[in-house]
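Next come the chains, spelled out residue by residue.
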Amino acid sequence: MSLHTQTIIELRDQLRRGEVSAREVTQAVLDRIQAVDDRLKAYLWLNPDDALAQADASDRGRKDQPLAGIPIAIKDVLNVIGQPCTCGSKILHGHTAVYDATVIRQLRAAGAVLLGRTNMDEFAMGSSTENSSWGVTRNPWDLERIPGGSSGGSAAAVAGHEAIAALGSDTGGSIRQPAALTSCVGLKPTYGLVSRFGLVAFASSLDQVGPFTKTVADAALLLGVIAGHDPLDSTSVPAPVPDYQEKLNAGVRGLRIGLPKEYFIPGMDREVEAAVRAAIRQLTHLGAEVVEISLPHTDYAVAVYYLIATAEASANLARFDGVRYGARVRGADVLETYAKTRGAGFGPEVKRRIILGTYALSAGYHDAYYLRAQKVRTLIRRDFEQAFQKCDVIVAPTTPTPAFKIGERVDDPLQMYLCDIFTISVNLAGNCGLSLPCGFTAQPKLPIGLQLIGPAFAEPTLLRVAQAYEQATPWHTERPAL
Amino acid sequence: MNYEAVIGLEVHVQLRTNSKLFCGCATESGAEPNTRVCPICLGYPGVLPVMNAEAVRKTILSGLLIGCTINRYSKWDRKNYFYPDMPKNYQVSQYDLPLCLGGAVQIAGKKLGVTRIHLEEDVAKSFHFATTSGVDFNRAGTPLMEIVSEPDMRSSEDAFAYLTALKEILITGGVSDCDMEKGQLRCDCNVSVRPVGQAQFGEKVEIKNMNSISGVRRALDYEIPRQIAALGRGEKIFQETRRWDDDAGKTFVMRTKEYAHDYRYFPEPDLMPVTVSDAQLAEIRQQLPELPEAKRQRLVSQYGLSEYDAGVLVATAALAQFFERAAAGSPNAKAVANWVMAVAEIHLSPVQPQHLRELVAAIDAGQISGKQGKDVFAVMLATGQGPARIIQEKGLAQVSDPGALEGFCSQAIAGNAKSVAAFKAGNLGALNALVGQVMKLSKGKANPQLVSEMLAKQLRNT
Amino acid sequence: MPEDPNQINIDHVAHLARLELTDAEKNKFAAQLKDMLAYVAKLGEVDVTGVEPTAHAVPLTNVLRPDEARPSIDPALVLKNAPESARGLFIMPKIVE
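Residues numbered from 1 in each chain as written. Chains lettered and ligands numbered in written order. Predicted model: local features only at pLDDT ≥ 70, side-chain atom pairs only at ≥ 80, totals over all residues. Heavy atoms only, no water.

Another point: the overall build of chain A. Helices and strands together make up the secondary structure of chain A, namely 15 helices and eleven strands. Taking 482 residues into account, the globule formula puts the C-alpha radius of gyration at 23 Å, and chain A, at 21 Å, falls close to it. Sequence separation of at least 24 residues holds for 76% of the intrachain contacts in chain A that already meet a minimum separation of 6. Summing over all exposed atoms, chain A offers an accessible surface of approximately 14300 Å²; the carbon and sulfur share of this is 49%. Of the charged side chains in chain A, 48 are positive and 50 negative, and the gap between their average positions amounts to 2 Å. (Helix = DSSP H or I, 4+ residues; strand = E, 2+ residues; numbered from the N terminus. Rg over C-alpha atoms; globule rule 2.2 N^0.38 Å. Contact = heavy atoms within 4.5 Å. Areas by Shrake-Rupley, 256 points an atom, 1.4 Å probe, with all protein chains shown as cover. Lys, Arg positive; Asp, Glu negative; His and termini not counted. Charge placed at Lys NZ, Arg CZ, Asp CG, Glu CD.)

Now the structure itself:
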């Protein structure tokens, strides 16, 4: 049976036909977690009794909800009432959420079983999950390697079949990059499509919540549940949500795929490049037309991101001061209490980014750093707008290399930042992006991800292209030998 | 050396709204600590703000009330600094594109300029104990309007007048109750001195902790001479923040929260800009109440009242409204005004506005005499009854029927030969004695005016 | 771009951000900050004449809510999360003006 290896759609069909119970599904996933998580370390918090109680309630209740009885893991950055919410940080150790994030309310309304909380880089700052205060999560394909970040726990859980699907967050690639490194589907929605209310903010103008799934069809389903206008989020767009499953199988005939010349750079891993180029050929076989495009300001994206994201983060993280919640280190006076609490509670990457962001906003430097970065951001947005006049979807690698070894890049922050080079521009422009498996390296066998980028609210097109490619290839059927 | 003071005021006004600026927590004061809070106004992880439409409207209304230009495009910014009364350690405010720019407050004899009005969130309240402080976040997130004046004031009287006028305007506009004791209106002063005739401003000192408008005046009455005296001794004035101590009657240097603040302003990514259309502006303009000064001038021009009388009537909005209801349609608004001012706070008495109009009409038509009018008014005040009923019940209606009066006049003339002779001899005052006789004969009901005329005519004809 | 990214006052920045750093951290962060600033200096090459900064990722305006009061949260819940509370207040070391 191996219920835990199945997809949302496969399980949903069986649940609706009464062939299997929600309890059995959740139990199967819990058993799997029990079997492998001491090696994977994807989960930070799990309450099996609570999960089973939810499953039982699902069995007693409606079967027609889109996610009825499906166990879904939640990145530790989303508020779930009554559950701890630490964002991978010591500074929130002992903090219990007092409200549900909007996406969580949507999952509950869809009948999902909220499974447990997954590991992440502290406050979503990182590309490897090595910045978690609670230890690193392992890549299911090679336990010596990182699963990516910041949503490494969610990616590892889905790839390792410790969850049927998961939610993560993406600010500069934190869903897409781990999805690529662990061979799942990861989608960053258009900015404003999914509510951020209840998502602990890293960079307010860049963050989005998105799904990790085993297949493209599952991603379409899960996106449909969490998308939609939220009156509690002023940046959430008041537009109707399309049916993401409707045109999923329409194929790629007649679509134009854009190839950004700036994304095929020297220094890119040869196997990654080969896999991506093979994927592009596959898409042309399926009927798509390839067009060369240019995104001229690509080279500046990492610099722009690391000024804007850190500036916004420096303000967003100011609230962690030990006054109202979280861990406190007492000092002799208010100033000392703040400084010691934050000095002890934040890890080095978070401190580094707060320092850079504070500096970029500070008197005398604001115009040269923060303001200039926001202007170059406009140019990056325009690059995409112009490119999308020539193509429907842009195709690119998700990451320049496959998963690297744990510890390999921790001492070189700049090298770490360059991991995000293909994903970052999408957040800066506010567009949608998806990563799906497109192959493996030979030795060791490590996943390679293909990234599809669409204009704002073009998720239906993105999913359609992804579906066509996925269904024509075997990658989504591969499993790690865990 | 003669010095003059240069004063600017920063006034913070809590807007009268049902809910806070970014969340649905109620804004009413006096609740137990931390009972009017939610994850949003507590700055919990993951929360987001959503702007209160009424707070924006009231800010624009305030701008229109004092003649500001309303920015058609306005945005929000984060003002970053750490303090225990700050839930997020940044305050959402407005930096370069506030809702209102310019404007002025009219006081006697001059206009005092306003630089800008912007909308921001209020901070929490702290309570201080022996070794700790406690924070109550009920106030955090309350909509707060900051009104920055131009440095146009030159005396503590100017400041007093500015604050009094501003408070009156905002109360009339329904924007705030402006109760300084409840912290609904707070004021900081910036004051410097310079030699008279010097264009350059002196170093300005910020004064905080004045709890009333007269407290502001007292603080300035201390601070201005203090600065002048210091300069006179050859000392320099440094830019600093001082705390007014009302009991001691002095300002003291404060230990500031931190040295020069670097607020690191940047546009608030979680809130969208506000655009104000012509239609919206027109709609808000329609909701503008008439300000006291404008009303005073209108009462003078529309009703022919004296400046003094108009001033008395507009002192209370309800009184002015009472007067206008009473005077509506009356040909003798001045008389109506006199009755309105006959007792204090007539609008709180049982007297109905239209009854005053009727009273004036009855007197002017000769139905009753002026003296009788006073008696009728007294009954109106005590009972709330209308004059018509009172006149009828007390049988006060003056006899004006010519036939009856002619009869009484003939009788009086016949029975008072001495007075008649005196009148004919040129003693005009003798007529009054005859009028008195007619009043006696008519049991006081004759209309003395008509009687006087009638007697004179009869006497001329005999 | 500013003259000399070498002269970073790490103490000042750490104070603005209320971060207590060890000497080792100060040295490390100062050096890393310098590298990152050198990297982002390339933004100086871009011609941004007449380019508006992107403040928001979505072009929305007038996102406003009606002025309606809603129930507040149970104070017991929030005080439970407080590191220190007493008399219904969040307690801090004494705030000195």
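More follows now that the structure is in view.
Residues and elements named next belong to chain A. An order of 1-3-2-4-6-5-10-11-9-7-8 is seen for the eleven strands of this open sheet, with the pairing classed as mixed. Strand pairing shows two members of the sheet lacking a second neighbour, strand 1 (43-46) and strand 8 (289-293), which therefore form its edges. Taking the axes of each pair of neighbouring strands and ignoring which way they run, one obtains an average angle of 30° across the sheet. Inspection of the sheet shows strand 9 (residues 393-397) paired to strand 11 (residues 447-454) by four bridges, in the antiparallel sense. (Pairing = 2+ DSSP bridges. Axes fitted to C-alpha atoms, helices over the stretch in contact; angles between N-to-C directions.)

Okay, the interface of chain A and chain B next. Counting from both sides, the interface comprises 36 residues of chain A and, opposite them, 31 residues of chain B. Across the chain A to chain B interface the summed buried area is about 2700 Å²; carbon plus sulfur atoms make up 62%. Three residues, A:S234, A:R319 and A:R324, lead the burial of chain A against chain B; their summed loss comes to 22% of the area buried on that side. Counting across the interface, chain A meets chain B through one salt bridge. The salt bridge partner of A:R196 is B:D270, with a shortest N-O separation of 2.8 Å. Where chain A meets chain B, there are 20 residue pairs in polar contact (both at pLDDT 80 or more). (Buried area = accessible area lost by both parts, 1.4 Å probe. Salt bridge = Lys/Arg side-chain N within 4 Å of Asp/Glu carboxyl O. Polar contact = N/O pair within 3.5 Å; in protein donor to acceptor, adjacent residues only side chain to side chain.)

Residue and element names in this part refer to chain A. Mapped onto the elements, T190 comes out in the loop between strand 5 (185-188) and strand 6 (208-213). Residue classification places T190 among the buried residues on the basis of a relative accessible area of 1%. Within the structure, the side chain of T190 is placed 2.8 Å from the backbone nitrogen of F457, a separation counted as a polar contact. Excluding residues within four positions of it along the chain, T190 makes contact with Q208, G430, N431, C432, P455, A456, F457, A458 and E459. (Buried < 20%, exposed > 50% of the residue type's maximum accessible area, 1.4 Å probe, protein only.)

What follows deals with the pairing of strand 5 of chain A. Residues and elements named next belong to chain A. Side-chain alternation along strand 5 places V185 and L187 on one buried face and G186 and K188 on a second face that is also buried. With two bridges joining them, strand 5 and strand 6 adopt antiparallel strand pairing. For V185, the partnering residue across the bridge sits in strand 6 and is T213. One ladder, built from three bridges, connects strand 5 with strand 10 (residues 432-440); its direction is antiparallel. Its bridge partner lying in strand 10, K188 is registered against G433.

Further remarks concern the sheet that holds strand 5 (residues 77-80) of chain B. Strand order across the open sheet formed by three strands is 6-5-17 (chain B), with antiparallel pairing between neighbours. Looking at strand neighbours, the two that pair on one side only are strand 6 (90-93) and strand 17 (266-267) of chain B, the edges of this open sheet.

Counting residues at the interface gives 64 residues for chain A and 52 residues for chain C. Around 5200 Å² of area is buried between chain A and chain C when both sides are counted, 70% of it from carbon and sulfur atoms. Contact with chain C buries area across many residues of chain A, yet A:I355, A:Y359 and A:R372 alone supply 12% of it, more than any other trio. Joining chain A to chain C, the criterion identifies five salt bridges.

Turning our attention to the packing of helix 9 (residues 301-316) of chain A against helix 12 (residues 367-387) of chain A. Residue and element names in this part refer to chain A. Between helix 9 and helix 12, whose axes approach to 9 Å, the crossing angle comes to 125°. Here helix 12 runs oblique to helix 9, going by the angle between their axes. The two elements helix 9 and helix 12 cross, and the hand of that crossing is left-handed. Taking contact as the criterion, the partners of A301, V304, L307, I308, A311 and E312 in helix 9 are, on helix 12, Y369, Y370, A373, Q374, V376, R377 and I380. For the contact of helix 9 with helix 12, the per-class residue count stands at ten nonpolar, one polar and two charged. (Parallel < 35°, antiparallel > 145°, perpendicular 65-115°, else oblique. Left-handed = near helix turned anticlockwise from the far one by under 90°. Nonpolar A, V, L, I, M, F, W, Y, C, P; charged D, E, K, R; others polar.)

Counted according to the given criterion, the structure contains 23 aromatic pairs over all chains. Seen from their ring centres, B:Y95 and B:Y265 are 4.0 Å apart, and the 15° between their planes marks the pair as stacked. Pair noted here: B:Y95 is in the loop between strand 6 and strand 7 (100-101) and B:Y265 is in the loop between strand 16 (250-253) and strand 17, with a separation of 170 residues, a long-range link. Here the aromatic residues A:F123, A:F320, A:Y325, A:F346 and B:Y44 are joined through ring pairs into a cluster of three or more. The side chain of A:R277 reaches across the aromatic face of A:F264, ending 4.4 Å from its centre. (Phe/Tyr/Trp six-rings, centres within 6.5 Å; stacked < 30°, edge-to-face > 60°. Lys NZ or Arg CZ within 6 Å of the ring centre and 35° of its normal.)

Before going further, it helps to examine the confidence of the model for chain B. On average, residues of chain B carry a pLDDT of 92, and 98% of them reach 70 or more. Scored by ipTM, the complex comes to 0.96, with pTM at 0.88. (pLDDT = per-residue confidence, 0-100.)

Turning our eyes to something else, we now look at empty space enclosed by the protein. This structure, assessed with the given rule, holds eight cavities of 30 Å³ or more. Of the pockets and cavities examined, the largest cavity occupies roughly 220 Å³. As for the largest cavity, its lining consists of 26 residues, and the residues nearest its centre are A:R319, B:I40, B:V47, B:K88 and B:Y90. When grouped by side-chain class, the residues that make up the lining of the largest cavity number 15 nonpolar, four polar and seven charged. (1 Å grid on protein atoms, 1.4 Å probe; cavity = no way out; pocket = protein on both sides within 12 Å on 5 of 7 lines; lining within 4 Å. Points joined across faces, edges and corners; volume = space filled by probe spheres on them.)

There is about 690 Å³ of room inside the second largest pocket. Together, 32 residues line the second largest pocket, and A:L232, B:C23, B:G24, B:I40 and C:R70 are the ones closest to its centre. Of the residues in the lining of the second largest pocket, the class split is 20 nonpolar, five polar and seven charged.

Before going further, it helps to examine the pattern of salt bridges. Enumeration over the complete set of coordinates arrives at 51 salt bridges over all chains. The partner of A:E19 in a salt bridge is A:R17, with the nearest N and O atoms 2.6 Å apart. What makes A:E19 partly exposed here is its relative accessible area of 46%. A relative accessible area of 55% means that A:R17 is categorised as exposed. Between B:R233 and B:E235 there is a salt bridge, with its nearest N and O atoms 2.8 Å apart.

The next subject is the packing of helix 9 (residues 353-364) of chain B against helix 10 (residues 370-383) of chain B. All names here are of chain B. Remark: helix 9 packs on helix 10, axes separated minimally by 10 Å, with the N-to-C direction vectors making an angle of 160°. Taken together, helix 9 and helix 10 sit at an angle that is classed as roughly antiparallel. Crossing hand, helix 9 versus helix 10: right-handed. Contacts between helix 9 and helix 10 pair H355, L356, L359 and I363 from the former with G370, G373, V376, F377 and M380 from the latter. Looking at the contact of helix 9 with helix 10 residue by residue, the class counts come to six nonpolar, three polar and no charged.

Attention now goes to helix 3 (residues 213-232) of chain B. Residue and element names in this part refer to chain B. Taking 1.5 Å of rise per residue, the 20 residues of helix 3 would be expected to cover 28 Å, and the 29 Å separating its terminal C-alpha atoms lies within 8% of that figure. When we look at burial in helix 3, the residues that qualify are I213, G215, V216, A219, L220, E223, I224, R226, Q227 and A230. When helix 3 is viewed along its axis, its buried side chains cluster within an angular range of 165° and face the same direction. On its buried face, helix 3 sits against strand 1 (3-14), helix 2 (156-172), strand 13 (185-195), strand 14 (205-210), strand 15 (241-245) and strand 16. Two residues or fewer after helix 3 comes G234, characterised by a positive phi angle close to 85°. (Expected span 1.5 Å × (residues − 1). Arc of directions from axis to C-beta.)

The topology assignment puts C:P75 in helix 3 (residues 75-81). The class for C:P75 is partly exposed, based on a relative accessible area of 24%. Not counting chain neighbours up to four residues away, the residues in contact with C:P75 comprise B:N34 and B:T35.

Moving on, we come to the nonpolar core. If you look at the biggest cluster of nonpolar residues, it comprises 279 residues, and the most contacted ones within it are A:L107, A:F123 and B:Y162. Among the elements that line this core, the one with the most residues is helix 9 of chain A, at twelve residues. Among all residues touching A:L107, those that are not within four sequence positions of it are A:L67, A:I72, A:I74, A:A112, A:L114, A:L167, A:L222, A:V225 and A:I226. By size, the runner-up hydrophobic cluster in this structure holds 30 residues, among which are B:Y303, B:F322, B:L359 and B:L396. (Core = buried A, V, L, I, M, F, W, Y, C linked by side-chain atoms within 4.5 Å.)

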